[in-house]
Protein chains: 2
Amino acid sequence: MPTRLSNYFLRTLREDPSDAEVTSHRLLVRAGYIRRQAPGIFAWLPLGLRVKAKVEKIIREEMAAAGAHEVHFPALLPREPYETTGRWDEYGDGIFRLKDRKGSDMLLAPTHEEVFTLLVKDLYSSYKDLPLAIYQIQDKYRDEARSRGGLLRGREFTMKDAYSFDHTDAGLDASYQNQRDAYERIFTRFGLEYAIVKADAGAMGGSKSEEFLHPTAVGEDTFVRSAGGYAANVEAFTTLVPAEIDFTAAAAPVVYDTPDTPTIQTLVDAANAAHPRASGVAWTAADTLKNVVLALMFPDGTREIIAIAVPGDRDVDLKRVEVAFGPAEVEAANETDFLRYPALVKGYIGPWTAEGAVLGDKGTTGIRFFVDPRVVAGTEWITGANENGRHVFGLIAGRDFAIDQTVEASDVRAGDPAPDGSGPVELIRGMEIGHVFQLGRKYAELLGLKVLDENGKLVTVTMGSYGIGVTRILAVIAELNNDAKGLIWPESVTPFDVHVIATGRDEVVFEASETVVAALEATGREVLYDDRRKVSPGIKFGDAELIGVPKIVIVGRGAADGIVELWDRRSGEREQIAIEEVAAHFS
Amino acid sequence: MPTRLSNYFLRTLREDPSDAEVTSHRLLVRAGYIRRQAPGIFAWLPLGLRVKAKVEKIIREEMAAAGAHEVHFPALLPREPYETTGRWDEYGDGIFRLKDRKGSDMLLAPTHEEVFTLLVKDLYSSYKDLPLAIYQIQDKYRDEARSRGGLLRGREFTMKDAYSFDHTDAGLDASYQNQRDAYERIFTRFGLEYAIVKADAGAMGGSKSEEFLHPTAVGEDTFVRSAGGYAANVEAFTTLVPAEIDFTAAAAPVVYDTPDTPTIQTLVDAANAAHPRASGVAWTAADTLKNVVLALMFPDGTREIIAIAVPGDRDVDLKRVEVAFGPAEVEAANETDFLRYPALVKGYIGPWTAEGAVLGDKGTTGIRFFVDPRVVAGTEWITGANENGRHVFGLIAGRDFAIDQTVEASDVRAGDPAPDGSGPVELIRGMEIGHVFQLGRKYAELLGLKVLDENGKLVTVTMGSYGIGVTRILAVIAELNNDAKGLIWPESVTPFDVHVIATGRDEVVFEASETVVAALEATGREVLYDDRRKVSPGIKFGDAELIGVPKIVIVGRGAADGIVELWDRRSGEREQIAIEEVAAHFS
């Protein structure tokens, strides 16, 4: 049975939704695929459900090929397992929490590591049961601060999350590679370009982690890539550390009055005038030390003030800092914080004064002090002297202040050298479409998942976690496959194979259309049939362009002569063809 | 590709789960279909997912045949639409409520009338768009006080909920009948016996409502049925009202000291001795008036005390009372309530004293007074006199106390006459498996869903709501299809078509098994293949009996001679068959 537009639950919209920031959101709403219910929460209309089912089918096929078994967990779960692993708190405001009528704490699960671990613990007990890969395709919830981009970042979204269980590290490596290979096959089938980048594991814990990023201007992540093959999420990028410098002959630092140095450049000019370097190389902005005071906010409510020093030509990237200090959140220190530390003089903060260290373990403030990895032993710096209007020139790292605590805090820039020596990197906007993690033994340890090994000894299981955003992928495909007039679905996920349009009012047109539709369905094609009697051809063509079925058959005046028109939505090409050849053309 | 038990994610359990109260729960857990996560919340294992998918497929097919379109709404929804219809409060503790990070109220939807109404309001505007039927298969949440029976009453459950939209009453009748017919087809395909009974509409509002009840001892509903064809939920049963009696010649009531009447029978005996009726017919327990004081608790927090009078041989059925006074909840009046009304003397409560009315509009207490429909004008009663140790004999309904407010408060008993005159009813335990409602215009009115009619006039849409519990049906099927050894699935929902068991360790057995499996799969059968090498035949047979695939092929010693055994799980019959005939046998 074809789907007939005359009674299909579908209304295309002429106007863009006012809240749509991205193309996929705009077109999926206008073409009648989805409908907003609340910020970041959507209902799926019949067309959207069809595409979503096809996306899920491809993922299921590749999960089966990877030997993974499908299960399904509830969204609503008790607090206890998440309390045990610490994630109940770590997620902060990012998850939905609630109480049941008896007052028990529950959550809408943002991801399911805990309960998959407990399920395997419940059922399995021997290394012979492993390796195991199980997955679900399930609706997840995260209380995003700013849900945006329609399906690209919703508060409810469908995710495929898989988990692997092994009893050896080599087994985990193989399981990880197996899932990673499946992801490559999946994204290839969707026609999605991707980069596999080193990633920070974030709140998931664990060691090895890679993201599949689809390069796109609407992406909310940035990643770097070198011509030599290095690729990493900006949060996971590591600095190429320069060689240390012998400072045994270096002069002592000198404090100067620097009254008219409102900018880094004026400060550098003052230094070059008053305190030229022994080497003769002029001071530059990269030789100034920018000391930034931040507050770490831990899940237990603790607030710790720290200081980070980066070269003055760089900025501190708070997202990179948060990775280093997770699960703490990070913000700039406020006035109240500074009042607690009068030794720090705003605008002139530095790790040192002539009386000794201010920051770090041995500093008078007791504030922990971290430096950018470029601040290696022997480097010489201009920085604040903790006195109004005064700076110190020629401060030596590793002599005048400690450099034992480094942190990847600086922003990453195009042209920065890749840490593996593969050359300078470029910066690319990307959308995360998949994520593979080696969780290792963290969850199994905390939740007590052990099996007997070959020697009858209880060993802790090692796990991987593998996620694909089903609804996000659908949006990314829409983002990539459209033109000014609407969507253009790839064949792998199109809601229908062929869109047949009857134009005009002659009965012969509708009769011919029924013949075409029946012939297409007989060869197994899924047909959307625009059989509306009182709608103009212009509106029908416009709807077809908006909806985006890639292959269209127009049945019009030529029908009387046995001729219809094939319309390729993507190329725009039209060609005439005899009615009896239509089915063969599509099979 | 067959599913091979050697690496399938499945462990059958020897022990019954300790919390399982019903057979389906016990067997579905033991056979590895589901796994408890929290009270009334389950995870689905691979076998369970397969059966659930088949149940959903049958429902989808019949929904499509009924012309309904599938959509999908989120479980997490904003408060506002439910506030507008009053259900945010009416559901009381029965739903899960939460706040998002911005403090907005949200809920996990127990059912979706509001958002379906708003969706149609968003997209449709003309009678030409109607009739419309749309549905979803979706996970719902209700915070049941006592979730029990495994999947029979969970706090999370999958439901098919459909909604119809019409602009005329006749249209709604047709849509309702259309869905009702689809339900009959669905339950027939599942092999489920059902009774269609008149039902109370409960929190849904609306007028006409019927339940599909499956007769089963584990059912939590009770319904009545007469030989003449009357069927109703106990909550919807109405009393056959007796004829009024002329009381013009009746004597005045008399108050007696009744010191030694601890039971109804002793009171009746005292009445027959002291105050025989003029008619000579002896007093019986059915002639005493039992006055019950109850508290109505309204969603807005109001507590109202009311009194209900029923014949003394009956009990008040609080569930029936709640239907009458919904959305208020009902409980017995407590000591504090009685302290407010000293005119009511516990143990001797009545509507009347010699000084005048106590209960009802004209009563000294102001308490609303309701009577059972059997308390018609002219009936003569024995009841409390609101004095310690005293009763009144010969109180006449409609003369000595008002009978204008009747309520269906009495319990329903086997042998009670059906209200339509079709004879006495029997009482049957049943499980609700479907529910069809004529909502009428309530939701459309409150949410502003109107369309233009044939005359260009805006008219309010009239709606129906139709629900089937997907996971409950699966449990009911399991409840009905099992024996002491395990499940026995009907072919319509079996997780696999054929279960092939290789027994013994001879290579010829495994080779023959592969041949059988391949031949079965070539004819389109879904095969579960027990290829485990180190598991005894006894355990394999036990697992097969527990899992419940109805058709089993045992490949054993006969394989060397080209012979295998067919085992019918339901009848227990076994027959030998040549390997090359197996595929033909199943197709």
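Rules of the game
Residues numbered from 1 in each chain as written. Chains lettered and ligands numbered in written order. Predicted model: local features only at pLDDT ≥ 70, side-chain atom pairs only at ≥ 80, totals over all residues. Heavy atoms only, no water. Helix = DSSP H or I, 4+ residues; strand = E, 2+ residues; numbered from the N terminus. Buried < 20%, exposed > 50% of the residue type's maximum accessible area, 1.4 Å probe, protein only. Lys, Arg positive; Asp, Glu negative; His and termini not counted. Charge placed at Lys NZ, Arg CZ, Asp CG, Glu CD. Salt bridge = Lys/Arg side-chain N within 4 Å of Asp/Glu carboxyl O. Least-squares fit on C-alpha atoms with pLDDT ≥ 70 in both. Pairing = 2+ DSSP bridges. Contact = heavy atoms within 4.5 Å. Buried area = accessible area lost by both parts, 1.4 Å probe. Polar contact = N/O pair within 3.5 Å; in protein donor to acceptor, adjacent residues only side chain to side chain. Nonpolar A, V, L, I, M, F, W, Y, C, P; charged D, E, K, R; others polar. Expected span 1.5 Å × (residues − 1). Arc of directions from axis to C-beta. Axes fitted to C-alpha atoms, helices over the stretch in contact; angles between N-to-C directions. Phe/Tyr/Trp six-rings, centres within 6.5 Å; stacked < 30°, edge-to-face > 60°. pLDDT = per-residue confidence, 0-100. Core = buried A, V, L, I, M, F, W, Y, C linked by side-chain atoms within 4.5 Å. Domains from an automatic or database assignment.

Along its length, chain A carries 14 helices and 33 strands. Taking the principal axes of the C-alpha coordinates as reference, chain A spans close to 100 × 65 × 50 Å. Every one of the 587 residues in chain A was classed for burial, and the buried ones make up 57%. Here chain A contributes 65 positive and 89 negative side-chain charges, whose respective centroids are spaced 5 Å apart.

The final tally for this structure, using the stated rule, is 105 salt bridges over all chains. Among the salt bridges present, the one from A:Glu235 reaches A:Lys319, with a minimum N-O distance of 3.9 Å. Of this pair, A:Glu235 sits in the loop between β13 (231-233) and β14 (254-257) while A:Lys319 is found in helix α8 (residues 318-325), placing the two residues 84 residues apart along the sequence. Note on A:Lys319: relative accessible area 45%, which makes it partly exposed. The partner of B:Glu62 in a salt bridge is B:Arg185, and the shortest N-O contact between them spans 2.6 Å. Note that B:Glu62 is positioned in helix α2 (residues 46-65) and B:Arg185 in helix α6 (residues 169-189), a separation of 123 residues in sequence. Relative accessible area serves as the criterion here: at 31%, B:Arg185 is assigned to the partly exposed category. One continuous salt-bridge network, built from bridges that share partners, spans A:Lys57, A:Glu61, A:Glu62, A:Arg185 and A:Arg189.

It takes a turn of 180° to lay chain A on chain B, together with a shift of 0.0 Å along the axis; the resulting RMSD is 0.1 Å. Such a combination of turn and shift is consistent with a two-fold rotation axis. Relative to the rotation axis, the C-alpha of A:Leu98 is the closest in chain A, positioned 2.7 Å from it.

Here we take up the environment of B:Asn388. All names here are of chain B. One can find Asn-388 in the loop between β21 (380-387) and β22 (390-396). Classification of Asn-388 as exposed rests on a relative accessible area of 64%. With 131 residues separating them in the primary sequence, Asn-388 and Asp-257 have C-alpha atoms 8.9 Å apart.

The next thing to look at is the pairing of strand β15 (residues 289-297) of chain B. Residue and element names in this part refer to chain B. Relative to strand β16 (residues 303-311), β15 runs antiparallel, the two being bridged by 9 bridges. Directly across from Leu-296, in β16, lies its bridge partner Glu-304. Linking β15 back to β16 in an antiparallel pair, the connection comprises 5 residues, with Gly-301 at a positive phi of about 100°. As defined by bridge partners, β15 adjoins strand β17 (residues 329-332) across 4 bridges and the pair is classed as antiparallel. Residue pairing across strands places Ala-295 opposite Glu-331, the latter belonging to β17.

Attention shifts here to the interface of chain A and chain B. Between chain A and chain B, the contact holds 53 residues from the first and 53 residues from the second. Where chain A abuts chain B, roughly 4,500 Å² becomes buried across the two surfaces, and 63% of that area is made up of carbon and sulfur atoms. Where chain A meets chain B, there are 7 salt bridges. The salt bridge partner of A:Asp122 is B:Arg35, with a shortest N-O separation of 3.0 Å. For the interface between chain A and chain B, the tally reads 13 residue pairs in polar contact (both at pLDDT 80 or more). Considering each element in turn, the side of chain A that touches chain B owes the most residues, 5 residues, to helix α5 (residues 113-123) of chain A. A breakdown of the residues in the side of chain A that touches chain B according to their chemical character gives 32 nonpolar, 5 polar and 16 charged.

A few words now on helix α12 (residues 507-522) of chain B. Residues and elements named next belong to chain B. Taking 1.5 Å of rise per residue, the 16 residues of α12 would be expected to cover 22 Å, and the 23 Å separating its terminal C-alpha atoms lies within 8% of that figure. Looking only at α12, the buried set comprises Val-509, Phe-510, Ala-512, Ser-513, Val-516, Val-517 and Leu-520. End-on, the buried residues of α12 take up no more than an arc of 160°, which puts them together on one face. Among the exposed residues of α12, those pointing more than 90 degrees away from its buried face are Glu-511 and Ala-522. Contacts made by the buried residues of α12 are with β29 (498-502), β30 (527-530), β31 (551-555), β32 (563-568) and α14 (582-586). Of the residues one or two after α12, Gly-524 is the one with positive phi, at around 90°.

Here helix α2 (residues 46-65) of chain A spans 29 Å end to end across 20 residues, near enough to the 28 Å set by a 1.5 Å rise per residue. Phi turns positive, to about 80°, at A:Gly67, one or two residues after α2(A).

This paragraph deals with the sheet that holds β32(B). Adjacent strands of a sheet pair through backbone hydrogen bonds, lying either parallel or antiparallel. Residue and element names in this part refer to chain B. Here 6 strands make up an open sheet; going across it, the order is β1-β30-β29-β31-β32-β33 and the pairing mixed. Looking at the sheet topology across the chains shown, the edges are occupied by β1 (3-4) and β33 (574-578). Summarising the sheet, β29 and β31 pair through 5 bridges and their orientation is parallel. Pairing of His-499 across the sheet is with Ile-552, part of β31. Sheet contacts for helix α13 (residues 537-547): β29, β30, β31 and β32; angle to β29, the most-contacted strand, approximately 170°.

Here we take up the sheet that holds β16(B). Residues and elements named next belong to chain B. Here we have 4 strands laid out as an open sheet, ordered β17-β15-β16-β20, and mixed in their pairing. Bordering the open sheet on either side are β17 and β20 (368-371), each of which pairs with just one other strand. Between one strand axis and the next, the sheet turns by 35° as a mean value, whatever way the strands run. With respect to the sheet, helix α8 (residues 318-325) is in contact with β15, β16, β17 and β20, its orientation differing from that of β17 by roughly 135°.

All names here are of chain B. Structurally, Glu-210 is set in strand β11 (residues 209-215). Relative accessible area serves as the criterion here: at 12%, Glu-210 is assigned to the buried category. Within the structure, Glu-210 has its side chain in polar contact with the side chain of Tyr-176 (distance 2.7 Å). At 2.8 Å, the side chain of Glu-210 and the side chain of Arg-180 are in polar contact. Every residue in contact with Glu-210, bar those within four places of it in the chain, is listed here: Tyr-176, Arg-180, Ile-196, Val-197, Ala-199, His-435 and Val-436.

Attention now moves to the packing of aromatic side chains. Evaluation of the coordinates by the stated rule reveals 32 aromatic pairs over all chains. Ring plane angle 80° and centroid distance 5.7 Å describe the contact between A:Phe541 and A:Trp567, whose orientation is recorded as edge-to-face. Here A:Phe541, found in helix α13 (residues 537-547), pairs with A:Trp567, found in strand β32 (residues 563-568); they are 26 residues apart in sequence, far enough to count as distant. Seen from their ring centres, B:Tyr230 and B:Phe237 are 6.1 Å apart, and the 75° between their planes marks the pair as edge-to-face.

Turning to the pairing of strand β9 (residues 156-166) of chain A, a few remarks are in order. All names here are of chain A. Of all 11 residues that make up β9, 11 are buried, and the element is covered over most of its length. Where β9 meets strand β26 (residues 462-469), 8 bridges bridge the pair, whose relative direction is antiparallel. In the strand pairing of β26, Asp-161 is matched with Gly-467.

This prediction gives chain A a mean pLDDT of 93; 99% of its residues lie at or above 70. Both scores are available for the predicted complex, with the pTM at 0.86 and the ipTM at 0.85.

Formed by 58 residues in total, the largest nonpolar core has its most connected members in B:Tyr33, B:Phe190 and B:Trp489. Counting contributing residues per domain, this core is built from domain 1 (23-237 + 426-479) and domain 3 (496-586) of chain B, each supplying no fewer than three. Look past the residues within four positions of B:Tyr33 in its chain and what remains in contact with it is B:Leu28, B:Ala43, B:Trp44, B:Leu45, B:Leu47, B:Gly48, B:Val51, B:Leu487, B:Trp489, B:Pro495 and B:Ile547. In this structure, A:Phe190, A:Val470, A:Phe496 and A:Leu546 belong to the second largest nonpolar core, which totals 57 residues.

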